[in-house]
Structures are given as C-alpha cells and as structure tokens.
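# What the coordinates show
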Amino acid sequence: MRLDFYLHLMQKIIPHLLSLWFLVVLMGNPPQGGDQQLKTYLALGDSYTIGESVEEEMRWPNQLARILNQSGLSIENPHIIAQTGWTTDELLVAVDSAELKNHYDYVSLLIGVNNQYRGRSVDSFVPEFTTLLERAIAISKNKTKGVFVLSIPDWGVMPFAQGRDRTKIAAEIAAYNAAIKAICERYEVAFFDITPISQEALGNATYVASDQLHPSAAMYRAWVDKVLPFFKTAQND
C-alpha cells in the first residue's frame, strides 16, 4: 500500500520537476536571435541629417535604421541632433547642451555645408570639426570603430543655385571635404564620400526635394546604400 502511494506521488511530481528543469535550461540558454538587445544610433548634423523637405521616415538616418532592421541588425530609431542652418560651432553647442549620458553603438557625423555657405575658411572649420569628431568618438561604445562620417554634398548643382558660381561652390566644398577626409584618416574613422552622388542631381530631378535645394528621399537612399558596408565591417570587428 505504501509503495503504491509513493509511485502515485512520483507520477505527480516528476512532470513538474521536468518542466522546472526545462525552464531553467531555457533561461540559461535563450534561443539565438530571439531576444537581441537593440543597437543604438546617434546622428549628428544639419539640414541633411534632419531631412529638410522630406518626411521624417525618409531622412537618411531613418532609412538606414529601417534597412538595417530588415537585414537582421536590430537597431532603435536614430537619436538625431541636427538642425537646418547649423555650422560646426552651433552643432558643438547643441551636443554639449544635450549632456548625452548614454553611449551609442553607432554615431554618424555630417556637417560643414553652412560653414562653406557663410564664407568661413577651411582653417577655421578644421579645429571645430575635429572637436566634434572627438565628441562622437567619446560617445561611441566602440570608439573609432563605431563612428562614421559623410562628406558634404554639393548644393551647387541644385536648382536653387542657378545663377551662382557653381564651379566656385564645388571647389570650396571639395576643399572642406579634403580636410574632413584627412581628419578621419588621422583618427582612423570611416569616411564615406557621398558628394558624387549629390552631384548626380544636376541631371536627375528625382534626386531633388521640393524646396529645390535639399536631397530627395531617393538621394538619401543612395547615401544609405553607400554607408551600409560600414555596418558589416563593424559587426565583424
């Protein structure tokens, strides 16, 4: 009689013990890819980063995050610190005022067109851009490996610039971009030259936003395609 009682008791307990064991094993070894921590992304810049004249989801940082999510890299919507018209010194003030406490997996920087537009020298731009890049590196979880920089687009090809000296605009922007590239090389930060893509707007109206000055969503998508290899490299490092 006592043996029957214990057998009956074990039949009741064993399934619960097995369930508990399975739960412990599952918690210790979660399914791969089932609970990935979202990557974080900070985008610093001016009108090009804030996406002047395009919808929010068509800004290039937002398009980038969406495509990365579709490709299997889970990433949050970008935190954007950018405003139309900002120069390097104005962006620097905004970054410092934001008192960023979080470290981001990825940080992008695209700035300088308004320095050129206002007639400032490359010599005055270099130390300000360098400080911004150092801030970006400091905010990046992976330091230089988590930061990437885009070149300044050539706004001189846009309809807005009709009647202006387009050759002069292109030459000045080229000088700025040469300085940016040299600084990135010194800090070993990824640099992406999207200026040739911007110049395609001269013969491609689909690359021009409604304000006749800024890039369209289609051009921003071309920029995204240009920088996508950075994320494959960053994941492998």
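Residues numbered from 1 in each chain as written. Predicted model: local features only at pLDDT ≥ 70, side-chain atom pairs only at ≥ 80, totals over all residues. Heavy atoms only, no water.

## A look at the sheet that holds strand β3 (residues 106-110)
An order of β2-β1-β3-β4-β5 is seen for the five strands of this open sheet, with the pairing classed as parallel. At either end of the open sheet lies a strand with only one pairing partner, and these are β2 (79-82) and β5 (190-192). For this sheet, the mean inter-axis angle between neighbouring strands, taken without regard to orientation, is 15°. The pairing of strand β4 (residues 147-150) with β5 spans three bridges and is parallel. Within β5, the residue paired with L150 across the bridge is F192. (Pairing = 2+ DSSP bridges. Helix = DSSP H or I, 4+ residues; strand = E, 2+ residues; numbered from the N terminus. Axes fitted to C-alpha atoms, helices over the stretch in contact; angles between N-to-C directions.)

## A few points about the confidence of the model for the protein chain
The predicted model of the protein chain averages 89 in pLDDT, with 84% of residues at 70 or higher. Note that pLDDT drops below 50 for residues 17-35; the model gives that stretch one contact with residues more than four away or on any other chain. (pLDDT = per-residue confidence, 0-100. Contact = heavy atoms within 4.5 Å.)

## A short note on the pattern of salt bridges
Applying the stated criterion to the full structure yields six salt bridges. Residue E90 pairs with R118 through a salt bridge whose shortest N-O separation is 3.2 Å. In this pair, E90 sits in helix α4 (residues 88-98) while R118 sits in the loop between α5 (113-117) and α6 (122-139), placing the two residues 28 residues apart along the sequence. Classification of E90 as partly exposed rests on a relative accessible area of 27%. (Salt bridge = Lys/Arg side-chain N within 4 Å of Asp/Glu carboxyl O. Buried < 20%, exposed > 50% of the residue type's maximum accessible area, 1.4 Å probe, protein only.)

## Some details on the packing of aromatic side chains
If you walk through the whole model with that rule in mind, you get 15 aromatic pairs. Relative to W223, the ring of Y220 lies with its centre 5.0 Å away and its plane at 80°, an arrangement referred to as edge-to-face. One end of the pair is Y220 and the other is W223, both in helix α9 (residues 217-236) and three residues apart, which spans about a single turn. Neither Y220 nor W223 differs from the other in exposure class; each is buried. (Phe/Tyr/Trp six-rings, centres within 6.5 Å; stacked < 30°, edge-to-face > 60°.)

## Points about the side chain of T40
Within the secondary structure layout, T40 lies in the loop between α1 (2-28) and β1 (41-45). Assessed through its relative accessible area of 14%, T40 is described here as buried. With sequence-adjacent residues up to four places away left out, T40 is seen in contact with E76, H103, Y104, D105, Y106 and K141.

## As for the nonpolar core
Counting residues in each nonpolar core, the largest one holds 68 residues, and the members touching the most others are W60, F148 and W223. In terms of residues, this core owes the most to one element, α9, which gives nine residues. Setting aside residues up to four positions removed in sequence, W223 forms contacts with Y48, W60, L110, L150, P153, I194, I197 and P215. (Core = buried A, V, L, I, M, F, W, Y, C linked by side-chain atoms within 4.5 Å.)

## Here we look at the packing of α4 against α6
One way to put it is that α4 packs onto α6 with a least axis distance of 9 Å and a crossing angle of 30°. Considering their axes alone, α4 and α6 lie roughly parallel with respect to each other. Of the two possible hands of crossing, α4 and α6 adopt the one that is left-handed. Side by side, α4 and α6 meet where T88, D89, L91, L92, V95 and D96 of the first sit next to F125, E128, F129, T131, L132, R135 and I139 of the second. When the residues that make up the contact of α4 with α6 are grouped by side-chain class, the tally is seven nonpolar, two polar and four charged. (Parallel < 35°, antiparallel > 145°, perpendicular 65-115°, else oblique. Left-handed = near helix turned anticlockwise from the far one by under 90°. Nonpolar A, V, L, I, M, F, W, Y, C, P; charged D, E, K, R; others polar.)

## Concerning α6
Its 18 residues place the ends of α6 25 Å apart at the C-alpha level, agreeing with the 26 Å of an ideal helix rising 1.5 Å per residue. As for α6, its buried residues are in contact with β1, α4, β3, α5, β4 and α7 (166-187). (Expected span 1.5 Å × (residues − 1).)

## Some details on the packing of α6 against α7
Between two packed helices, both the angle of their axes relative to each other and the distance between the axes serve to describe the pair. Between α6 and α7, the shortest axis-to-axis distance is 10 Å and the interhelical angle comes to 40°. Taken as axis vectors, α6 and α7 run oblique relative to one another. Seen along the crossing, α6 lies across α7 with a hand that is right-handed. For the pair α6 and α7, contact is made by V122, F125, V126, F129, T130, L133, E134 and I137 and by A175, Y176, A179, I180, I183, C184, R186 and Y187, respectively. Residues that form the contact of α6 with α7 fall into these classes: 13 nonpolar, one polar and two charged.

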